[in-house]
Amino acid sequence: MSESAETGKLSPLLIPDGVSYNCQGCGRCCTGWSVGMTEADYARVKDIDWGALYPDLKGKELFINREDEYKKGITSYPFFTQPRPDGSCSFLVDNLCAIHSHLGEDAKPGTCQLFPYTFVETPSGVYTGVSMNSMAAVRNLGQPLAEQREKLEGYYAKMKSYLSNKAVEASS
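Residues numbered from 1 in each chain as written. Predicted model: local features only at pLDDT ≥ 70, side-chain atom pairs only at ≥ 80, totals over all residues. Heavy atoms only, no water.

(A) Structural detail: the sheet that holds strand 5 (residues 63-65). A sheet is described by the order of its strands in space; here 3 strands give the open sequence 4-6-5, paired in antiparallel fashion. In this open sheet, the two edge strands, each paired with only one partner strand, are strand 4 (36-37) and strand 5. Examined bridge by bridge, strand 5 and strand 6 (residues 79-81) share 3 bridges and lie antiparallel to one another. The residue of strand 6 that forms the bridge with Ile64 is Phe80. (Pairing = 2+ DSSP bridges. Helix = DSSP H or I, 4+ residues; strand = E, 2+ residues; numbered from the N terminus.)

(B) The arrangement of the layout of surface pockets in detail. If you add up the space inside the largest pocket, you get close to 720 Å³. As for the largest pocket, its lining consists of 39 residues, and the residues nearest its centre are Cys23, Cys30, Lys108, Cys112 and Phe115. Counting only elements with at least two residues in the lining of the largest pocket, the list comes to strand 8 (96-97), helix 4 (98-103), helix 5 (110-114), helix 6 (135-138) and helix 7 (149-171). Per-class residue counts for the lining of the largest pocket are 21 nonpolar, 14 polar and 4 charged. (1 Å grid on protein atoms, 1.4 Å probe; cavity = no way out; pocket = protein on both sides within 12 Å on 5 of 7 lines; lining within 4 Å. Points joined across faces, edges and corners; volume = space filled by probe spheres on them. Nonpolar A, V, L, I, M, F, W, Y, C, P; charged D, E, K, R; others polar.)

(C) Spatial organisation of the sheet that holds strand 9 (residues 117-122). Taken together, 3 strands build an open sheet; the order of strands is 3-10-9 and the sheet is mixed. For this open sheet the edge positions go to strand 3 (13-14) and strand 9, each flanked by a neighbour on one side alone.

Here is the structure:
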């Protein structure tokens, strides 16, 4: 459920039948960009000795610091993951997320937790779906979204909280 800005009443999360998704571990979604990280995202992972856990990460620069640009409003996030030369995320190990493997799903950056889920607010409720940028979504693989309601409501709340915080920052 989501809260309507006009009425303060809860709007239903509208989940389509026949749409399924779970990560299949192909690694394709984790390639091609730096993932933006909030200060909280960064705080959860910055002090881990990733090189001790995953030898391929030893001595690697895993983060990009953009705090100055963030404070000036030039970028949306103060930190980013540092991609490898091939464009894949540094935390992608054997096509799986090292952050997820070591710390759990909730420790991943918010952007990664939300992907590929989509939420579109309409007068009748919040339509939920998946982005077709994920091959698992394209192939409709995994658990039906209708069976993921509690998780989707949590993800939607996280997204709303982040956007609300960004709006407060922008107005100050």
